[in-house]
Amino acid sequence: MWQFFHKLGSPKWFFGIANRLMPWLLWGGAVLLLAGLVWGLAFAPKDYLQGNSYRIIFIHVPSAFLAQSVYIMMAVAAVVTLVWRMKLADVFVKAAAPVGAVLTFLALFTGAVWGKPTWGTWWIWDARLTSMLILLFLYFGVIALGAAISDEKSSARAVAVLVLVGVVNIPIIKYSVEWWNTLHQPATFKLTEKPSMPIEMWLPLLLSVLGLYLIFGWFACLRMQTEILTRERRTRWVKELVQAEGN
Amino acid sequence: MASEARVRLRPAHEAIGVLPAMKAVFLRDLKTAFRQHQDLLNPLLFFVMVVSLFPLGVSPEVSFLQQAGSGILWVAALLSVLLSLDHLFRHDFDDGTLEQLVLQPQPLFLLVLAKTLAHWVLTGLPLVLLAPLLGVMVHLDGNSIAVLCLTLLIGTPVLSLIGAIGAALTLGLRSAGVLLSLLIIPLYIPVLIFGTGTVAAAADGASVGGYMALLGAFLVLALTLAPFAAAAALRISLSNS
Amino acid sequence: MSEPLLQAMNLQCERDDRMLFRDLSFSILPGTLTRVEGPNGSGKTTLLRILAGLNDAWSGDLLWLGKPLARQRDEFLQNMMYIGHRPGIKPLLTPLENLRALMAGRKTVSDSVLMQALAGTGLSGFEDVPCRRLSAGQQRRVALARLLIADEPLWILDEVFTAIDIDGVAALESLLVERARAGGAIVVTTHHDLQLPSMQRISLGGGDGF
């Protein structure tokens, strides 16, 4: 067990594993996502209230879902960074944060696009959208702090502390924003009414969520590999690898 | 020069207690702050100026100010705390006091707590005391002003405590001030929401006990967790210097 | 007391992609003076900060009285005094207030002892002048006044002789020698040409030189 853990911390070992894993993640994700999207966008039934405009949930919900999960994953990696000082955990945090930010932005953007036909306005201070906006701020903070500290080890640990502080705050933020929302404008419409959703709608949704997870896994691996190569550029194995690629 | 002291290992029980050590840290911060009055005054002046921007920039109408007043005061207070946070560890970092603090045999998070309390006494508390005056200027009624001050009294320590984490994380970095705001503002949002929400509820005639209790819960949470995070962040920042 | 206070085994430290030192092993025994030597940028200050527990970016083992230092940090801190580049003197406070604050967490000392220590470093008459009005050397002396009160067995002193005049240097040298003779362990870095009997040297290489 410990040996496995130790191996997991080795960037070289991870690099090899990632190489083997990535095709599966990419193709599996692409197939699932494509199936989910095609099914959802073309074949799922119309919503009796919103017509076709609701179909954006097949992009909105997976990205919103993943945007939040990525932060949680980063928090787990942050604990590993702080407790076991594992380099790879920080590599993940640095690789995942910008992706998380983009997903959060995508969720906000699709939310706005959805809002136009539904509420008649691009932006509404709805509880979910506001929470996502704050999540985007949290991502920006993590990225900015990581970029500001040049020393690799300090940067890793400082970012880890910030991510953990953020993750403690996320439920508090969510709760307060929801409370604030009911105080100012009683919710007339909720973005996703899960129980009322027929199976033909949520099955494609499930597929696209799973697909996006796998795609994220692939992309995270790719970004981690890049980050590892940059960080370990002076080690022998990276030099050998680069030479082998060059031939 | 001649050293008087003899050389022997000091057993653990001879350590100076936590409370006297915290008190010394607290008092030193107050003393240095009072030797530099202007630094104390600046966040207060900033507070007043930001509040006065709203009638000028938005509308001086009584109805608008009455409705937005508590929010304006809260946002202005939040910004002035934010502005003052950069000083929390910066001077100590520059002159080496912070290294000595980290090397004291008492738990660092408690010493950090003492420093944060000093920060609140020097910035948050004056803001609370100044708030009634500004409350009158934005036409808040007596009851709202009282509730507002109470929320600020419970809320500003939370701002100092959370802010200490950001200040510790950005210590020694270039353009730390902007970065600090970037990291901390999202974390301030719940306090802001409940601070202003409580005043709004009071204005509607609702009972505010529950909201106050919730703000109090934030304070307890921040008191128990923030010093640990700030202490960890301080060690990281010092390790890098 | 001949058991090593502090033992470093295979210390390694890398900073900003540069290996400062590796496989560095040494013991700090009671009653010895250790000088860390090396050109600018060779990691002298970093090594001292590692020994003091301020810098975490290292690998290897550090033992305090034979046991891992990290597990007995409080005991270690209680028996170690560190004076760094930046000596922890607040410009707005007077020498007396500064010294009082520096000692507050470590040892109960009466004001008369503090005054005596300040007088011992040649600061009598300046006890109540804010430190920002003192010269660099005088400010340094405020920090060094701690040496006259401190009873920690291990002293870690970074560039102690900086900004101190000739007489001060001589007095400080003799203080350090006397301290070592009495059983204290001292680790110093200095650019000053320190020539003391029975001094342990730790040489850090690195720099390419002019």
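Conventions we followed
Residues numbered from 1 in each chain as written. Chains lettered and ligands numbered in written order. Predicted model: local features only at pLDDT ≥ 70, side-chain atom pairs only at ≥ 80, totals over all residues. Helix = DSSP H or I, 4+ residues; strand = E, 2+ residues; numbered from the N terminus. Buried ≥ 20, exposed ≤ 12 C-beta atoms within 10 Å, placed from the backbone. Contact = placed C-beta atoms within 7 Å. Rg over C-alpha atoms; globule rule 2.2 N^0.38 Å. Pairing = 2+ DSSP bridges. Axes fitted to C-alpha atoms, helices over the stretch in contact; angles between N-to-C directions. Nonpolar A, V, L, I, M, F, W, Y, C, P; charged D, E, K, R; others polar. Core = buried A, V, L, I, M, F, W, Y, C linked by C-beta atoms within 7 Å. Parallel < 35°, antiparallel > 145°, perpendicular 65-115°, else oblique. Left-handed = near helix turned anticlockwise from the far one by under 90°. Domains from an automatic or database assignment. pLDDT = per-residue confidence, 0-100. Expected span 1.5 Å × (residues − 1). Bend = angle between axes of the 7 residues up to and from the residue.

A. Expanded view of the overall build of chain A. Within chain A one finds 8 helices and 0 strands. Across chain A, helices and strands are ordered from the amino to the carboxyl terminus as α-α-α-α-α-α-α-α. The buried share of chain A, taken over its 247 residues, is 40%. Within chain A, residue pairs in contact and separated by at least 24 positions form 79% of the contacts whose partners lie at least 6 positions apart.

B. View of the overall build of chain C. The helix and strand tally for chain C stands at 7 helices and 9 strands. In terms of C-alpha radius of gyration, chain C reaches 17 Å, essentially the compact-globule figure of 17 Å for 210 residues. Seen through its C-alpha atoms, chain C measures out along the principal axes to roughly 50 × 40 × 35 Å. A sequence separation of at least 24 residues applies to 71% of the contacts in chain C between residues at least 6 apart.

C. Inspection of the sheet that holds strand S1 (residues 6-15) of chain C at higher detail. Residues and elements named next belong to chain C. Overall, antiparallel pairing links the 4 strands, which are arranged S2-S1-S4-S5 in an open sheet. Each having just a single partner strand, strand S2 (18-28) and strand S5 (67-68) make up the two edges of the open sheet. Pairing geometry for S1 and strand S4 (residues 58-64), over 6 bridges, is antiparallel. Within the sheet, the bridge partner assigned to Leu-6 lies in S4 and is Trp-64. The strands that helix H1 (residues 44-52) touches are S1, S2 and S4; relative to S1, the one it contacts most, it runs at about 130 degrees.

D. Inspection of the interface of chain C and chain B at higher detail. At the junction of the two partners, chain C supplies 44 residues and chain B supplies 33 residues. If you list the elements that add at least two residues to the side of chain C that touches chain B, you get helix H2 (73-78), helix H3 (95-104), helix H6 (146-149) and helix H7 (166-181) of chain C. Among the elements that line the side of chain C that touches chain B, the one with the most residues is H7 of chain C, at 5 residues. Partitioned by chemical class, the residues of the side of chain C that touches chain B number 22 nonpolar, 11 polar and 11 charged.

E. Geometry of the nonpolar core. Counting residues in hydrophobic clusters, the biggest one holds 215 residues, and the most contacted among them are Val-93 and Val-161 of chain A together with Ala-233 of chain B. Among the elements that make up this core, the one with the highest residue count is helix H6 (residues 142-169) of chain B (14 residues). Setting aside chain neighbours within four positions, we find Val-161 of chain A in contact with Leu-169, Ala-229, Ala-232, Ala-233 and Ile-236 of chain B.

F. Region of the structure containing the packing of H6 of chain B against helix H7 (residues 176-203) of chain B. All names here are of chain B. Contact geometry for H6 and H7: axes closest at 9 Å, N-to-C directions at 165 degrees. When the axes of H6 and H7 are compared, the pair comes out roughly antiparallel. Regarding H6 and H7, the two cross each other, and that crossing is right-handed. Across the contact of H6 with H7, the residue classes break down as 17 nonpolar, 8 polar and no charged.

G. Seen up close, unusual backbone geometry. The phi dihedral of Ser-175 of chain B is positive, around 45 degrees, even though this residue is not glycine. In this fold, Ser-175 of chain B is placed in the loop between H6 and H7. Even without being glycine, Asp-23 of chain C reaches a positive phi, approximately 50 degrees.

H. Highlighting the sheet that holds strand S3 (residues 33-37) of chain C. Residue and element names in this part refer to chain C. What the 5 strands build is an open sheet, ordered S6-S7-S8-S3-S9; its pairing is parallel. If you trace the sheet from one side to the other, it starts and ends with strand S6 (80-83) and strand S9 (199-203), each paired once. Neighbour-to-neighbour, the strand axes of the sheet open up by a mean angle of 15 degrees, direction not taken into account.

I. Representation of the pairing of S1 of chain C. Here S1 of chain C pairs with S2 of chain C via 7 bridges, running antiparallel. Counted as the bridge partner of Arg-15 of chain C is Arg-18 of chain C from S2 of chain C.

J. Representation of the domain arrangement of chain C in the model. Residues and elements named next belong to chain C. When the domains of chain C are assigned, the result is domain 1 (1-79 + 153-210) and domain 2 (87-151). Distance between the C-alpha centres of domain 1 and domain 2: 24 Å. With 9 residues of domain 1 at the contact, the number on the domain 2 side is 7 residues. Counting residues per element, the side of domain 1 that touches domain 2 draws most heavily on H7, at 3 residues.

K. Examining the confidence of the model for chain A more closely. Residue and element names in this part refer to chain A. Summing up the model confidence of chain A, the mean pLDDT is 84 and the portion of residues at 70 or higher is 89%. Across chain A, element-level confidence peaks in helix H5 (residues 127-148) with a mean pLDDT of 93 and bottoms out in helix H1 (residues 2-8) with 59. Low pLDDT, under 50, characterises residues 186-191; the predicted model gives this stretch 4 contacts beyond four residues in sequence or across chains.

L. Geometry of the confidence of the model for chain C. For chain C, per-residue confidence averages 88 on the pLDDT scale, and residues scoring 70 or more make up 96% of the total. Here the prediction assigns the complex a pTM of 0.90, and the interface score ipTM is 0.90.

M. View of H1 of chain C. Residues and elements named next belong to chain C. When you tally the buried positions in H1, you get 8 out of 9 residues, the bulk of the element. By the burial criterion, the buried members of H1 are Lys-44, Thr-46, Leu-47, Leu-48, Arg-49, Ile-50, Leu-51 and Ala-52. Looking one or two residues beyond H1, the residue adopting positive phi is Gly-53, at roughly 85 degrees.

N. Molecular detail of helix H5 (residues 108-137) of chain B. Residues and elements named next belong to chain B. Its 30 residues place the ends of H5 42 Å apart at the C-alpha level, agreeing with the 44 Å of an ideal helix rising 1.5 Å per residue. The largest bend along H5 measures about 40 degrees and falls at Ala-131, with the proline Pro-132 one to four residues further on. Phi turns positive, to about 60 degrees, at His-139, one or two residues after H5.

O. Structural context of the environment of Trp-74 of chain B. Positionally, Trp-74 of chain B belongs in helix H3 (residues 62-95). Along the primary structure Trp-74 of chain B and Cys-149 of chain B are separated by 75 residues, whereas in three dimensions their C-alpha atoms are 9.9 Å apart.

P. A look at the environment of His-60 of chain A. Checked against the element boundaries, His-60 of chain A lands in helix H3 (residues 57-84). Expressed as a C-alpha distance, the spacing of His-60 of chain A and Thr-104 of chain A, which sit 44 residues apart in the sequence, is 9.6 Å.

Q. Focus on the environment of Val-208 of chain B. Residues and elements named next belong to chain B. As for its placement among the helices and strands, Val-208 is situated in the loop between H7 and helix H8 (209-239). For Val-208, a count of 20 C-beta atoms within 10 Å corresponds to the buried category. Between the C-alpha atom of Val-208 and that of Gly-155, which follows or precedes it by 53 residues, the distance is 15 Å. Apart from residues no more than four positions distant in its own chain, Val-208 is found in contact with Val-147, Thr-198, Ala-201 and Ala-202.

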